[in-house]
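An overview of the molecular structure
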Amino acid sequence: MALLKFLYQCSSENIVDMQKFLSLYPDTQELRSELKVLDNLGYIRVMYASGKIYEICFLENGIDYVKNL
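Residues numbered from 1 in each chain as written. Predicted model: local features only at pLDDT ≥ 70, side-chain atom pairs only at ≥ 80, totals over all residues. Heavy atoms only, no water.

1. Concerning the nonpolar core
- The biggest cluster of nonpolar side chains holds 19 residues, and the ones touching the most others in it are Leu7, Val16, Phe21, Leu35, Ile44, Ile56 and Phe58.
- Contributing elements (two or more residues each) for this core: helix H1 (2–9), helix H2 (18–24), helix H3 (29–40), strand E3 (44–49), strand E4 (52–58) and helix H4 (60–67).
- In terms of residue count, H1 provides more of this core than any other element does, four residues in total.
- Sequence-distant contacts of leucine 35, defined by excluding residues within four places in its chain, comprise Leu3, Leu7, Ile44, Val46, Ile53 and Ile56. (Core = buried A, V, L, I, M, F, W, Y, C linked by side-chain atoms within 4.5 Å. Buried < 20%, exposed > 50% of the residue type's maximum accessible area, 1.4 Å probe, protein only. Helix = DSSP H or I, 4+ residues; strand = E, 2+ residues; numbered from the N terminus. Contact = heavy atoms within 4.5 Å.)

Below, the structure written as structure tokens:
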């Protein structure tokens, strides 16, 4: 869950700062797979536009999980 914790550290008001995040985690198929798992678990919501990761939002379950780490 290191990725989830890092996403939270890059977020403000539950929205991830995509520039900061993608500067350390390039958009790869492996990253997309990891994000999909977190999305399916209900921790985050990933939105795509024009084939790129556009926005990542934290959901309540994700915030609660990170705060209890």
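2. Quick look at the packing of aromatic side chains
- As enumerated under the stated definition, the model contains five aromatic pairs in all.
- Taking the centre distance of 6.1 Å and the plane angle of 40 degrees together, the rings of phenylalanine 6 and phenylalanine 21 count as tilted. Here the residue phenylalanine 6 occupies a position in helix H1, and phenylalanine 21 occupies one in helix H2, the gap between them amounting to 15 residues.
- Owing to a relative accessible area of 0%, phenylalanine 21 belongs among the buried residues under this scheme.
- Through pairs of rings, three or more aromatic residues link up here, namely Phe6, Phe21 and Tyr25. (Phe/Tyr/Trp six-rings, centres within 6.5 Å; stacked < 30°, edge-to-face > 60°.)

3. A word on H3
- Here H3 is 12 residues long and its end C-alpha atoms lie 16 Å apart, about the 16 Å a rise of 1.5 Å per residue gives.
- Taken as a whole, H3 has its buried residues at Leu31, Arg32, Leu35, Leu38 and Asp39. Angular distribution of buried residues about the axis of H3 spans 120 degrees; they occupy a single face of the element. Facing away from the buried side of H3 by over 90 degrees, the exposed positions are Gln29, Glu30, Lys36 and Asn40.
- Packed against the buried residues of H3 are H1, H2, E3 and E4.
- Of the residues one or two after H3, glycine 42 is the one with positive phi, at around 85 degrees. (Expected span 1.5 Å × (residues − 1). Arc of directions from axis to C-beta.)

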